[in-house]
Amino acid sequence: MNTSRPAAPLDVLLCVTGSIAAYKAVELTRLLVKAHQSVEVLLTRSAGRFVGAETFAALTGNRPWTDMFGGQGNEPHIALAARARSLLIAPATADVLARLASGRADELLSATALSYRGPIFVAPAMHPAMWAHPATQANVQLLRDRGVTFLGPVEGEVASGEHGVGRMMEPAQIAAALTSREGDLAGRRVVVSAGPTVEDIDPVRYIGNRSTGKMGFALARRAAERGADVELVAGPSVLPTPHQVRRSDVRSALEMLTTLQEQLKRGADALIMSAAVGDFRPAQPLTEKLKRAGPLSLELVENPDVLATLATHEWPRRPVFVGFAVETGADDAIIARARDKLTRKGVDLVVANRSDEAFAAETNRVHLVGRSETVSLPVMNKLEVADSILDWLVLTLGERSGVGQRG
């Protein structure tokens, strides 16, 4: 049973499950502590058959969490979920993946994961036949769609002596993946726009688009998790506000422009303009509901180009401007139009994607079109896309301040 301890912030909650690869969690713990991460360990009952609690206690200075009903208060799963900045399950068995996918909460690990709202990383370890099974792959896809990041498994020899995909990624690789982005946006103020804008025709009807805001919300979440001070300006969306993100809700393109201007006046290191801003609005919105009376002609006027307006303004401190281009057609044409937008609007990066691959999906496939290069990324979940964009931003901010080189 755990002894009571103060509710201090925690960099990594390492959850160790009942796999023969549990011995690797010992080295992983050592590497995380060596990287100056505060680490506590959650040890499942079956994991304790492979590695003793005393080993992790010696490495971290804290007894591992093992009991759903003991230790810090009556709800340790709630306390742990509130404290941890990252939740890492290594090794993650097929059973644990199934529990996470189905939302189980009948033991400490699954209850903690269900309560947790930060980034979840899993490092699977199992026999290749179990990893390849359709049930496991369905659970993996469901968890990826929910934003869980998978670290492995990798191809190699497993405990049975057989060879295939199912071996746990090496501890050094897992530690590097977990810590390489840690705090790299600390001290930066990032403004993110997300979602659609809508333009009212009358009190009932409006003109809108198909954006859900998922990409922008993913960007805001990952920027905050990487240490940035994040302002999210969101068009109509039912998505929950990411943890440690401030949010302003707007409706129309003009409201979006006004709110972003106010945010940039306060100073920002970057504006990531992922919102799908409507190009047109009704010339004369009606105050009464429009009645059906045969064919209708609606006069539209052009909205201001929000990104171009902001990017060409003389700010006391010019932020890095990242725009989005949702297009249709072949990749070459999409990239060409994105590069034209980059030049016309005077921005630093345009993230180009196809409408049929972006809207309402949990994944995206994008091209990062910069001033001197274009990087085409494979299909990834939107949190992974967000990290790729933020990686570019970190390099660009470093170059502006004379730190680091792009290579």
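Residues numbered from 1 in each chain as written. Predicted model: local features only at pLDDT ≥ 70, side-chain atom pairs only at ≥ 80, totals over all residues. Heavy atoms only, no water.

1. Comments concerning the overall build of the chain
Counting its regular elements, the chain contains 14 helices and 21 strands. Scaling as 2.2 N^0.38, a compact globule of 407 residues should have a C-alpha radius of gyration of about 22 Å, and the chain matches this with 24 Å. The buried share of the chain, taken over its 407 residues, is 50%. A sequence separation of at least 24 residues applies to 67% of the contacts in the chain between residues at least 6 apart. The centroid of the 46 positive side-chain charges in the chain is displaced by 2 Å from the centroid of its 45 negative side-chain charges. (Helix = DSSP H or I, 4+ residues; strand = E, 2+ residues; numbered from the N terminus. Rg over C-alpha atoms; globule rule 2.2 N^0.38 Å. Buried < 20%, exposed > 50% of the residue type's maximum accessible area, 1.4 Å probe, protein only. Contact = heavy atoms within 4.5 Å. Lys, Arg positive; Asp, Glu negative; His and termini not counted. Charge placed at Lys NZ, Arg CZ, Asp CG, Glu CD.)

2. Some details on the packing of helix α4 (residues 94-102) against helix α7 (residues 134-145)
In contact at an axis separation of 9 Å, α4 and α7 are set at 50 degrees when each is read in the N-to-C sense. By the angle class used here, α4 and α7 are oblique. By crossing handedness, the relation of α4 to α7 is classed as left-handed. Of the residues in α7, those touching α4 at Ala 94, Leu 97, Ala 98, Leu 100 and Ala 101 are Thr 136, Asn 139, Val 140, Leu 142 and Leu 143. (Axes fitted to C-alpha atoms, helices over the stretch in contact; angles between N-to-C directions. Parallel < 35°, antiparallel > 145°, perpendicular 65-115°, else oblique. Left-handed = near helix turned anticlockwise from the far one by under 90°.)

3. A short note on helix α1 (residues 23-34)
When the terminal C-alpha atoms of α1 are compared, their 18 Å separation across 12 residues agrees well with the 16 Å that a helix rising 1.5 Å per residue should span. Looking at the buried positions of α1, the neighbouring elements they touch are β1 (10-16), β2 (39-43), α2 (53-60), β3 (84-92), β7 (163-167) and α8 (171-179). The positive-phi residue at the C-terminal boundary of α1 is His 36, with phi of around 65 degrees. (Expected span 1.5 Å × (residues − 1).)

4. Quick look at the sheet that holds strand β19 (residues 366-370)
Sheets are built from strands that pair by backbone hydrogen bonding, the pairs being arranged parallel or antiparallel. Pairing is mixed in the open sheet, where eight strands are placed in the order β12-β11-β8-β13-β16-β17-β19-β20. In this open sheet, the two edge strands, each paired with only one partner strand, are β12 (245-249) and β20 (374-376). Pairs of neighbouring strands in the sheet enclose a mean axial angle of 15 degrees, with direction left out of account. Across six bridges, the pairing between strand β16 (residues 320-327) and strand β17 (residues 349-354) is parallel. Counted as the bridge partner of Phe 324 is Val 351 from β17. Along the sheet, helix α9 (residues 214-225) contacts β8 (189-194), β11 (229-234), β12, β13 (270-273) and β16; its crossing angle with β11, the most-contacted strand, is approximately 165 degrees. (Pairing = 2+ DSSP bridges.)

5. A closer look at the confidence of the model for the chain
Here the chain averages 88 in pLDDT, and 95% of its residues register 70 or above. Of all the helices and strands in the chain, helix α13 (residues 355-358) carries the lowest mean pLDDT, 77, while β13 carries the highest, 98. Segment residues 403-407 is flagged for pLDDT under 50; beyond a separation of four residues in sequence, or across chains, it makes nine contacts in the model. (pLDDT = per-residue confidence, 0-100.)

6. Overview of the side chain of Asp 387
Its location among the elements puts Asp 387 in helix α14 (residues 382-400). Apart from residues lying up to four places away in sequence, Asp 387 is in contact with Arg 181, Arg 222 and Arg 226.

7. Considering empty space enclosed by the protein
In this approach a probe as big as a water molecule rolls over the atoms, and the regions it shows empty are the leftover space. Following the criterion strictly, the structure yields one cavity of 30 Å³ or more and no others. The computed volume of the largest cavity comes to approximately 150 Å³. Looking at the largest cavity, it is lined by 17 residues, and the ones nearest its centre are Ser 211, Met 215, Ser 274, Ala 358 and Phe 359. Of all elements in the fold, only α9 and β16 reach the threshold of two or more residues within the lining of the largest cavity. Element by element, the count of residues in the lining of the largest cavity is highest for α9, at three residues. Broken down by class, the residue content of the lining of the largest cavity amounts to seven nonpolar, eight polar and two charged. (1 Å grid on protein atoms, 1.4 Å probe; cavity = no way out; pocket = protein on both sides within 12 Å on 5 of 7 lines; lining within 4 Å. Points joined across faces, edges and corners; volume = space filled by probe spheres on them. Nonpolar A, V, L, I, M, F, W, Y, C, P; charged D, E, K, R; others polar.)

8. Let's talk about the sheet that holds strand β5 (residues 149-150)
The strand order across the open sheet formed by five strands is β2-β1-β3-β4-β5, and the pairing between neighbours is parallel. In this open sheet, the two strands that pair with only one neighbour each are β2 and β5. Strands in contact with α2 are β1 and β2; relative to β2, the strand with the most contacts, it is inclined by about 170 degrees.

9. A word on the nonpolar core
Ranked by size, the top nonpolar core spans 35 residues in total, and within it Leu 219, Ile 272 and Leu 393 carry the most contacts. Residue assignment for this core shows that the elements contributing at least two residues are β8, α9, β11, β13, β16, β17, β19 and α14. For Leu 393, the contacting residues outside a window of four places in its chain are Leu 185, Val 190, Ala 270, Ile 272 and Val 320. (Core = buried A, V, L, I, M, F, W, Y, C linked by side-chain atoms within 4.5 Å.)

10. Some points on the pattern of salt bridges
Pairing is possible between side chains that carry opposite charge, provided their charged atoms lie close to one another. Tallied over the full model, the rule gives 32 salt bridges. The salt bridge involving Arg 189 is made with Glu 231; its shortest N-O contact spans 3.5 Å. Pair noted here: Arg 189 is in strand β8 and Glu 231 is in strand β11, with a separation of 42 residues, a long-range link. Residue Arg 246 is joined to Asp 229 by a salt bridge in which the shortest nitrogen-to-oxygen separation is 2.4 Å. Separated by 17 residues along the polypeptide, Arg 246 in strand β12 and Asp 229 in strand β11 bring together distant segments of the chain. For Asp 229, a relative accessible area of 31% gives the class partly exposed. Shared partners join several salt bridges into a network, and the residues in it are Asp 184, Arg 221, Arg 222, Glu 225, Arg 226, Asp 387 and Asp 391. (Salt bridge = Lys/Arg side-chain N within 4 Å of Asp/Glu carboxyl O.)

11. Brief notes about the environment of Leu 397
Along the chain, Leu 397 falls in helix α14. The exposure class assigned to Leu 397 is buried, which follows from its relative accessible area of 5%. Along the backbone, Leu 397 and Met 126 are 271 residues apart, and their C-alpha atoms lie at a distance of 41 Å. When neighbours within four sequence positions are excluded, Leu 397 is seen to be in contact with Leu 185, Arg 188, Asp 269 and Val 320.

12. A closer look at the layout of surface pockets
In this structure, the largest pocket occupies an estimated 910 Å³ of space. For the largest pocket, the lining is made up of 33 residues, of which Arg 117, Arg 146, Gly 147, Arg 221 and Leu 383 are closest to its centre. Class assignment of the residues belonging to the lining of the largest pocket gives a composition of 15 nonpolar, eight polar and 10 charged.

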